[in-house]
Amino acid sequence: MTELQALNPIFSKYQLDEPLNSHTQGGSKIADINITAKNLQIAYHPGKPVFKKPLNFTIHDGQKIAVDGESGSGKSTLLKILAGRLTDYTGDLQIDQTEIKNMDNSTLRSNIVYIDQTAYLFNATMRYNLELGQHFTDEEIKSALEKADLWEFVSTLPQKLDTPVGEGSASLSGGQKQRLALARGLLRNRKLFLLDESTSSLDKAGAIKVENDFLNQPKITVVFVSHRLHKENKDKFDQIITV
Ligand SMILES: Nc1ncnc2c1ncn2[C@@H]1O[C@H](COP(=O)(O)OP(=O)(O)OP(=O)(O)O)[C@@H](O)[C@H]1O
Ligand SMILES: [Mg+2]
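Presented here is an overview of the structure given in this document. (Residues numbered from 1 in each chain as written. Chains lettered and ligands numbered in written order. Predicted model: local features only at pLDDT ≥ 70, side-chain atom pairs only at ≥ 80, totals over all residues. Heavy atoms only, no water.)

Okay, the overall build of the chain next. Counting secondary structure elements, the chain contains 10 helices and 13 strands. Scored against the burial criterion, the 243 residues of the chain give a buried share of 52%. Counting only carbon and sulfur atoms, one obtains 48% of the accessible surface of the chain, whose full area is about 11700 Å². (Helix = DSSP H or I, 4+ residues; strand = E, 2+ residues; numbered from the N terminus. Buried < 20%, exposed > 50% of the residue type's maximum accessible area, 1.4 Å probe, protein only. Areas by Shrake-Rupley, 256 points an atom, 1.4 Å probe, with all protein chains shown as cover.)

Have a look at this one:
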């Protein structure tokens, strides 16, 4: 119990379910990820707005969106607002008609996965790294891993799901860590995935592959921030939001 409780800050940092609270706390599931921004703007310092112009956009459930713009234009800031981490914005930003700044943490956490540079890997088994203190059946785990394109890899591990991964054991590559983050979210029925430069540490072929793994999930809404939009994937985005 104490050990799990000590982990809560980490779980909350990575917006995962807190192991002790996940079943009681819940948070409400958002039926459709329809996002509307009207005159959205934010300032870290008074009088210094981040976005060149206030943002207006609509994202529909299941869409795959790219956020484009030069360095410092506010891409990461936009993603943090969408994740509910920055709430002192002006204008409106609603998911399914609820203002994001008014959503409670448990609702945000049970719907949204925010992935930046590296997915957090515990020094534990592959199964633990997926379940994170919750319980899922082998079927559920297999299905999530298949969708995330990790099942083949896990099948080659000596003890399959029960193989230790993380430092000093079978380690995961950068791309596999991103897929692990996808599998964790799919297992928990998360609907909105926000990726900030999460493939930037991978080589081009690896990055395109991971992006494809996200783009090919019909049921989730994905917002990608990348300083390089790969032309191989550009057509697969439903919309490009320029900040
Ligand atoms: N925590 C913060 N406090 C103050 N200013 C910040 C903070 N975070 C970002 N900024 C400023 O806000 C602006 C937008 O930053 P942001 O990180 O959103 O840009 P970005 O488009 O993601 O850039 P990059 O492509 O380099 O990642 C920049 O001018 C940055 O200096
Ligand atoms: Mg950024």
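So, on to the sheet that holds strand β8 (residues 112-115). The 5 strands lie next to each other as β8-β11-β12-β5-β13, forming an open sheet whose pairing is parallel. The sheet terminates laterally at β8 and β13 (239-242), the two strands that pair on one side only. Strand after strand, the sheet turns through a mean of 15 degrees between neighbouring axes, direction not considered. Direction of pairing for strand β11 (residues 192-196) relative to strand β12 (residues 221-225): parallel, over a ladder of 5 bridges. Paired with D196 across the strands is V225, a residue of β12. Across the face of the sheet, helix α8 (residues 174-187) comes into contact with β8 and β11 while running at roughly 160 degrees to β11. The strands touched by helix α9 (residues 204-215) are β5 (64-68), β8, β11 and β12; relative to β12, the strand with the most contacts, the crossing angle is about 155 degrees. (Pairing = 2+ DSSP bridges. Axes fitted to C-alpha atoms, helices over the stretch in contact; angles between N-to-C directions. Contact = heavy atoms within 4.5 Å.)

Enumeration according to the criterion identifies 6 salt bridges in this entry. Here K142 and E146 are joined by a salt bridge, their closest N and O atoms 3.7 Å apart. A residue pair is termed a helical-turn pair when its members lie 3 or 4 positions apart in one helix, as K142 and E146 do in helix α6 (residues 138-147) at 4 residues. Through salt bridges with shared partners, a single ionic network connects R127, D138 and D162. (Salt bridge = Lys/Arg side-chain N within 4 Å of Asp/Glu carboxyl O.)

By size, the foremost hydrophobic cluster in this structure holds 36 residues, and its most contacted members are M126, L130, L145, F193 and F214. Only β8, α5 (126-131), α6, α7 (151-156), α8, β11, α9 and β12 provide two or more residues apiece to this core. Broken down by element, the residue count for this core peaks at 6 residues, all from α8. Not counting the four nearest positions on each side in its chain, F214 is found in contact with K64, I115, Q178, L182, F193, L195, I220, V222 and F224. (Core = buried A, V, L, I, M, F, W, Y, C linked by side-chain atoms within 4.5 Å.)

Moving on: the packing of aromatic side chains. Scanning the model with the defined rule gives 5 aromatic pairs in all. Ring centres 6.1 Å apart and planes at 70 degrees place the aromatic pair F193 and F214 in the edge-to-face group. Of this pair, F193 sits in strand β11 while F214 sits in helix α9, and the two are 21 residues apart along the sequence. By relative accessible area, F193 is classed as buried at 0%. The buried category is assigned to F214, whose relative accessible area is 1%. One residue, R85, lies across the ring of Y114, its end atom 4.1 Å from the ring centre. (Phe/Tyr/Trp six-rings, centres within 6.5 Å; stacked < 30°, edge-to-face > 60°. Lys NZ or Arg CZ within 6 Å of the ring centre and 35° of its normal.)

Looking now at the side chain of E197. For E197, the location among the structural elements is in the loop between β11 and α9. No salt bridge is formed by the buried E197; the nearest opposite charge belongs to K75, separated by 5.2 Å. Here E197 is in contact with K75, Q117, V225, S226 and H227, once residues within four sequence places are set aside. (Lys, Arg positive; Asp, Glu negative; His and termini not counted.)

Once that is clear, we can look at the packing of α8 against α9. Contact geometry of α8 with α9 gives a least axis separation of 10 Å together with a crossing angle of 10 degrees. On the basis of their axis angle, the class for α8 and α9 is roughly parallel. Of the residues in α9, those in contact with G175, Q178, R179 and L182 of α8 are K209, V210, D213 and F214. Partitioning the contact of α8 with α9 into residue classes produces 3 nonpolar, 2 polar and 3 charged. (Parallel < 35°, antiparallel > 145°, perpendicular 65-115°, else oblique. Nonpolar A, V, L, I, M, F, W, Y, C, P; charged D, E, K, R; others polar.)

Attention now goes to the site of ligand 1. Around ligand 1 sit Y44, H45, V50, E70, S71, G72, S73, G74, K75, S76 and T77, and that is every residue in its neighbourhood. G72 has a polar backbone atom sitting 2.8 Å from an oxygen atom of ligand 1. In this structure, G74 approaches ligand 1 through a main-chain N or O atom, which is 3.0 Å from an oxygen atom. Among the secondary structure elements, those contributing two or more residues to the shell around ligand 1 are β2 (43-45) and α3 (75-82). Counting residues per element, the shell around ligand 1 draws most heavily on α3, which supplies 3 residues. Here the residues of the shell around ligand 1 sort into 2 nonpolar, 7 polar and 2 charged. (Near = heavy atom within 4 Å. Polar contact = N/O pair within 3.5 Å; in protein donor to acceptor, adjacent residues only side chain to side chain.)

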